[in-house]
Amino acid sequence: MSRHQDNSRHGAQPAGDAELAELAELADQQLQLSADSYDSDQWLDIGPLLAQAVDELAVGELLRPASLTYYDMLTSVEVMEPRLDMGMLSACDLREIAKWDVERELSLRQTLWVVEELFRCEITWHSSASLLQTMYMCNYFTVDDVPAAAVAGEGCGPRDRVLFPLVVALAHCCRAVWIEYLRENLFSEEDVHFGSQPVEFFGHIAREDVVRMLASARAYLEDVLAADGDIEERAAAKALLGHIELRSRWLRVLADLSLEYLAEDPGALDRGMAELAGLQQCHRAFAALELDPELPAPVPGCFDPKCMRKYPSMAPIKPRPLLSRAQSHAAFSGMLDDLALVRHLLQATAVESLVNFLGSFSRRQPTPLPFVRSLVASVLSSNGLVLLREPLVAFVQRAIAETSGRYVWHVIEGIEDSAAVMQALRRGAVGSPVLLDDAHAARARVDAFSQEAARHLVDWFRTMCQNAPRQRRIGVKYLASWDALQGDAEELDTWLYLALAAKRGAEAEQEANDPSCNPFWFSSWVYHVKLALIEGALLGGVRMGVYLDYELPQVYGYAAQVFQAHHDHLDRMAAMTAARRGQNPALRAAAGSPGGDDGDDDACLARVGRWLRLVEAQNYLATALWLVSHACERLGLVRAPWWPRRGSAGLSAGGALAAWLAQEADEARATRYALRFRAFSRLNSPTPLTYAGWATTLAQLDESLLADLFTHAARLLAKARDVLDRAGREPAVAGWDEVCQGARYAVVVNSVALAKLQAAGVCRSAAALVPGSQAAAYRRLLVEGCANAEEPERSAEQPVSKAKAKRDRKRRRQEQDLALAAKEWQAAADALRIDASSRCCETGGHVVAWSQFSFEKKKKE
Amino acid sequence: MQAQLVCDDHAAAIDQATSRAVPSAKEKLRAYLNHRMRISCDDSRQFTGIFKCVDNSKNIILSDTTETRQDSQRYVGMIMVPGGHIRQILVENLEYV
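The model shown is predicted, which means the values in this text are computed figures rather than measured ones.

Caption draft 1: Representation of the overall build of chain A. Helix and strand content of chain A: 34 helices and eight strands. A buried classification covers 36% of the 861 residues belonging to chain A. By sequence separation, contacts in chain A at least 24 residues apart represent 80% of the contacts at least 6 residues apart.

Structure below.
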């Protein structure tokens with residue numbers, strides 16, 4: 001404090017030499033203080049006090065301020081625990097670190113080793129690992145600055161002439177990817193480990209300099225190859241030339257396919273794609289080269305696995321081993337293939353093609369790497385443009401026109417036009433004069449709705465570019481907003497009907513709410529998308545295996561309900577469009593109105609027809625799988641939690657089993673059912689059945705024989721195949737085949753499984769010819785019989801009347817008969833000796849979101 | 001005389017109260033909670049942070065901690081230093097604060 005006073009005093013008067021010297025001394029002292037805010041006098045050793053104090057603490061007692069909660073304590077990182085403490089160094093680590101020497105001259109073999117390791121690091125980083133676990137481990141990658149000689153291409157050894165150019169080029173590739181990562185299409189921890197480390201990637205070196213450095217490295221290596229040198233060094237030089245070629249091309253592709261580049265010059269996409277094709281070819285040749293594993297010579301201390309100690313860290317990173325060389329090349333090759341999809345995306349003209357493309361992209365297996373997903377999401381929507389060319393509102397209006405037809409757009413577009421068009425409008429389809437105020441208000445309301453719908457539509461599209469768990473999770477969340485949007489759309493449709501028909505009064509309002517009069521242009525489209533979202537969420541759950549086997553009948557039951565609703569809705573939309581086909585021809589030319597050339601009525605009908613057939617086939621498929629999974633559950637092949645595993649200890653332990661059965665009462669099952677469908681129950685339509693409704697449906701199904709269920713399922717699958725085959729023969733838009741392929745595959749594999757089951761005589765067996773209600777009673781009897789087996793018998797000493805004893809005997813005889821029948825049924829089911837299993841279909845790099853049932857003979861025990 | 005006796009009683013009570021007021025080691029240590037602490041570890045690292053908690057095994061929790069080794073320094077946030085690894089423990093001298 002006194003120093004501050006002195007300073008202020010000195011500041012008030014002209015300073016002499018002595019005072020200046022004193023000030024300088026003070027400044028030095030302050031500098032020292034900033035380096036270590038306390039000198040040795042200010043620290044007090046409390047070792048003895050601590051020892052004494054902890055003796056006074058009881059076991060489990062903590063000395064802490066009230067503000068520190070147990071949750072806070074759990075977030076602390078334990079020091080000296082190897083799995084948590086990133087800064088801990090063992091003696092071995094210290095020895096390894098001491099070996100590092102940045103000035104060391106490298107041979108070409110050593111250079112090759114570093115480059116090969118860095119390639120593995122790069123691809124592991126692309127596969128969602130952290131920079132700290134990959135590239136930052138390499139000390140050459142994290143040097144403060146590249147030697148000037150290396151930048152100028154004037155160094156004398158492989159380190160400056162080859163390694164540094166490749167390291168800088170790699171850093172620039174990473175920089176391009178990192179810029180894409182920062183576009184907020186990805187999520188920390190789930191997709192990319194962003195971390196808090198500084199990210200520079202040699203950004204101060206210009207790209208032209210990097211290209212020049214690579215060219216200089218290539219010339220150096222060619223000189224080495226031209227000279228007569230060591231054979232192994234020459235082999236290493238050859239491999240390094242391959243790396244340089246690959247790196248140069250990859251750098252160019254990343255620049256050409258960057259969002260800025262594409263936005264600036266969309267026409268240059270073909271050039272970028274040609275570059276990508278060249279890179280793919282180059283990579284295939286390079287990956288096919290067999291590298292002698294003994295050729296690369298390790299550089300001691302070059303890679304520092306404990307590099308995390310140098311960077312701020314709040315929590316340890318999940319350990320992630322580097323991919324092997326073969327895995328890295330396979331992953332890189334997959335990434336290049338996925339990048340080629342950007343062309344298909346940008347060339348999609350119809351919204352339907354875009355939806356098909358995104359549907360198959362979201363189901364790709366393995367999931368595309370984060371960089372590709374982010375790039376696709378960026379291209380899809382950025383800076384208010386869809387596919388870098390179309391404003392969002394125009395896009396959504398085109399989407400609506402593609403499925404609802406152009407009729408309403410003709411009317412709305414005509415409103416803005418001249419008096420002549422107004423006359424045409426009056427003479428045309430609407431039939432009555434439209435008030436001009438209403439006409440302008442209609443345009444404004446439609447635009448406002450389009451703005452709102454555009455936000456929802458783009459959110460949905462972007463969700464399809466996210467990782468699989470997020471796709472489903474967020475997709476389910478969006479259902480509620482689409483439900484609300486449907487309400488808005490219905491309101492708009494009603495208003496539009498009244499305004500455009502220039503009708504007023506109660507009768508007109510009743511007409512406006514009647515689907516047979518009002519086509520509901522906008523809400524039809526919203527409902528269509530909402531149903532597609534529900535289907536995606538349900539099948540996404542199957543794809544990700546979130547449903548247990550016993551839940552499959554419930555899920556497929558609801559899926560069949562949704563597909564049926566979708567089918568009816570599309571049918572109505574098709575009828576609505578067909579009814580107005582060719583009307584309003586005198587209005588505006590097709591060009592310039594939403595839908596463009598593709599939006600004419602015939603194209604719209606064809607598009608709705610395609611959806612209709614796909615939904616119809618999926619409806620058959622879902623119903624068939626519902627019946628099959630229900631039949632499997634009845635046979636005991638699919639185990640519900642409330643059915644104990646046969647032969648398990650639970651059966652003999654009567655008390656425990658009774659408690660278990662009590663726990664799994666109807667109420668518990670109803671709760672579980674409600675939780676499974678809670679996201680869908682909140683929707684206005686289609687809402688899933690209540691648990692009571694589901695139980696009634698099951699009771700109806702139980703009246704059927706198993707044989708009938710299997711046969712009916714086989715018939716439904718045959719119908720589905722027929723519909724899909726017919727759909728496949730029709731001319732279609734891009735991406736349609738891929739959409740049909742998955743459903744067709746699921747139909748075929750399940751048909752084959754059922755045919756095998758029927759051929760094995762299962763449908764003729766005694767077990768299959770018992771109605772479900774009876775089978776369920778048998779099963780319960782068997783389970784309860786086991787549960788009561790160990791219950792204590794009633795004491796024989798209790799006096800019993802003769803009549804009661806007779807009734808008891810009769811009842812016992814009936815129970816024995818029933819038990820005998822149940823045992824016979826069980827024996828018949830056992831004699832089938834089949835095992836049922838279901839898993840998600842997989843074909844051609846796609847996971848098909850349908851179960852694939854297989855029935856196999858049980859192995860002999 | 002009576003007054004003298006009452007005074008003596010008071011004196012004894014006061015003596016007892018003042019002897020009870022001498023803080024235990026635990027209470028003394030409590031006074032250092034939320035003060036800066038520097039812990040030297042087995043592997044020659046030093047952790048400087050805010051003293052938050054200690055238990056009877058001498059495990060210490062520091063928050064807002066900086067790790068220092070010979071050549072570098074980094075921020076590590078909230079850490080728990082096991083008692084078995086503590087070589088030296090320093091706390092800021094309250095007289096200087």
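So much for the structure itself; the text now carries on.
Caption draft 2: Highlighting the overall build of chain B. Counting its regular elements, chain B contains two helices and five strands. Written out in order from the N terminus, the α and β elements of chain B read α-α-β-β-β-β-β. By residue count, 31% of the 97 residues in chain B fall in the buried class. Once local pairs closer than 6 in sequence are excluded, the contacts in chain B between residues at least 24 apart make up 34%.

Caption draft 3: Looking closely at the confidence of the model for chain A. Residues and elements named next belong to chain A. Per-residue pLDDT for chain A has a mean of 81; in total, 80% of the residues score no lower than 70. Within chain A, helix 6 (residues 108–126) carries the highest mean pLDDT (96), whereas helix 1 (residues 2–12) carries the lowest (39). Confidence over residues 585–599 falls short of pLDDT 50; this stretch has 40 contacts with residues more than four positions distant or in other chains.

Caption draft 4: Region of the structure containing the UniProt feature "domain: NAA35-like N-terminal" (unreviewed entry) in chain A. What UniProt calls "domain: NAA35-like N-terminal" (unreviewed entry) maps, in this numbering, to residues 60–210 of chain A. Within the segment residues 60–210 of chain A, helix and strand shares are 43% and 3% respectively, and the terminal C-alpha atoms sit 60 Å apart.

Caption draft 5: Inspection of the pairing of strand 5 (residues 86–92) of chain B at higher detail. With three bridges joining them, strand 1 (residues 43–45) of chain A and strand 5 of chain B adopt antiparallel strand pairing. Residue A:Asp45 lies in a different strand from strand 5 of chain B, and its bridge partner there is B:Leu90. Examined bridge by bridge, strand 1 (residues 36–41) of chain B and strand 5 of chain B share five bridges and lie antiparallel to one another. From the neighbouring strand, B:Arg38 faces strand 5 of chain B, where its bridge partner is B:Leu90.

Caption draft 6: Focus on the nonpolar core. Of all hydrophobic cores here, the largest spans 188 residues; its most connected members are A:Cys138, A:Leu240, A:Leu621, A:Ala713 and A:Leu717. In terms of residue count, the dominant contributor to this core is helix 25 (residues 601–635) of chain A (18 residues). In this structure, A:Leu717 is in contact with A:Tyr620, A:Leu621, A:Ala624, A:Val747, A:Asn750, A:Ser751 and A:Leu754, ignoring residues within four places of it in sequence. Counting residues in each nonpolar core, the second largest holds 26 residues, with A:Ala53, B:Ile60, B:Ile61 and B:Val76 among its members.

Caption draft 7: Spatial organisation of the pairing of strand 3 (residues 60–68) of chain B. Residues and elements named next belong to chain B. Relative to strand 3, strand 2 (residues 46–55) runs antiparallel, the two sharing seven bridges. Among the inter-strand pairings, Gln46 is bridged to a residue of strand 3, identified as Thr68. By the bridge criterion, seven bridges tie strand 3 to strand 4 (residues 73–81) in an arrangement that is antiparallel. Following the sheet pairing, Ile60 is matched in strand 4 by Val81. Between strand 3 and strand 4, which pair antiparallel in sequence order, lie four residues.

Caption draft 8: Broad picture of the interface of chain A and chain B. In this complex, chain A contributes 37 residues to the contact, which on the side of chain B involves 41 residues. Ranked by residues supplied to the side of chain A that touches chain B, first place goes to helix 3 (residues 47–56) of chain A with seven residues. A breakdown of the residues in the side of chain A that touches chain B according to their chemical character gives 24 nonpolar, seven polar and six charged. Pairing of strand 2 (residues 62–63) of chain A with strand 2 of chain B, which is carried by two bridges, proceeds in the antiparallel orientation. For A:Leu63, the partnering residue across the bridge sits in strand 2 of chain B and is B:Val54.

Caption draft 9: Layout of the packing of helix 10 (residues 231–256) of chain A against helix 12 (residues 269–288) of chain A. All names here are of chain A. The contact between helix 10 and helix 12 brings their axes to 9 Å, and the two run at 155°. Taken as axis vectors, helix 10 and helix 12 run roughly antiparallel relative to one another. Note on packing geometry: the crossing formed by helix 10 with helix 12 is left-handed. For the pair helix 10 and helix 12, the contacting residues are Gly242, Glu245, Leu246, Arg249, Trp250, Arg252, Val253 and Asp256 in the first and Arg271, Gly272, Glu275, Leu276, Gly278, Leu279, Cys282, His283 and Phe286 in the second. The residue inventory of the contact of helix 10 with helix 12, partitioned by class, reads seven nonpolar, four polar and six charged.

Caption draft 10: Focus on the packing of helix 25 of chain A against helix 32 (residues 736–759) of chain A. All names here are of chain A. Where helix 25 contacts helix 32, the axes come no closer than 11 Å and their chain directions differ by 25°. Considering their axes alone, helix 25 and helix 32 lie roughly parallel with respect to each other. Helix-helix and strand crossings are classified by hand; for helix 25 and helix 32 the assignment is left-handed. Residues Arg610, Leu614, Ala617, Gln618, Leu621, Ala624 and Leu625 of helix 25 pack against Trp736, Val739, Cys740, Ala743, Ala746, Val747 and Asn750 of helix 32.

Caption draft 11: Structural detail: the sheet that holds strand 5 (residues 385–386) of chain A. Residues and elements named next belong to chain A. Spatially, three strands are ordered 4-5-6 in an open sheet, and the strand pairing comes out antiparallel. Both edges of this open sheet fall to strand 4 (381–382) and strand 6 (390–391), since each of them pairs with a single strand only. Alignment of strand 4 against strand 5, held across two bridges, turns out to be antiparallel. Directly across from Ser381, in strand 5, lies its bridge partner Val386.

Caption draft 12: Examining the confidence of the model for chain B more closely. Here chain B shows a mean pLDDT of 84. Residues at 70 or above account for 78%. Scoring the predicted complex yields pTM 0.78 and, for the interface, ipTM 0.83.

Caption draft 13: Focus on the environment of A:Asp144. Locating A:Asp144 in the fold gives a position in the loop between helix 6 and helix 7 (148–152). Along the chain, A:Asp144 and A:Ser404 lie 260 residues apart, while their C-alpha atoms are 61 Å from each other.

Caption draft 14: Just the environment of A:Trp521, in detail. Residue and element names in this part refer to chain A. By secondary structure assignment, the location of Trp521 is in helix 23 (residues 521–544). Through-space distance from the C-alpha of Trp521 to that of Gly405 is 8.3 Å; in sequence the pair is 116 residues apart. Apart from residues lying up to four places away in sequence, Trp521 is in contact with Ser404, Val408 and Asp493.

Conventions adopted
- Residues numbered from 1 in each chain as written.
- Chains lettered and ligands numbered in written order.
- Predicted model: local features only at pLDDT ≥ 70, side-chain atom pairs only at ≥ 80, totals over all residues.
- Helix = DSSP H or I, 4+ residues; strand = E, 2+ residues; numbered from the N terminus.
- Buried ≥ 20, exposed ≤ 12 C-beta atoms within 10 Å, placed from the backbone.
- Contact = placed C-beta atoms within 7 Å.
- pLDDT = per-residue confidence, 0-100.
- UniProt positions renumbered as here; feature names shortened; annotations may be inferred.
- Pairing = 2+ DSSP bridges.
- Core = buried A, V, L, I, M, F, W, Y, C linked by C-beta atoms within 7 Å.
- Nonpolar A, V, L, I, M, F, W, Y, C, P; charged D, E, K, R; others polar.
- Axes fitted to C-alpha atoms, helices over the stretch in contact; angles between N-to-C directions.
- Parallel < 35°, antiparallel > 145°, perpendicular 65-115°, else oblique.
- Left-handed = near helix turned anticlockwise from the far one by under 90°.

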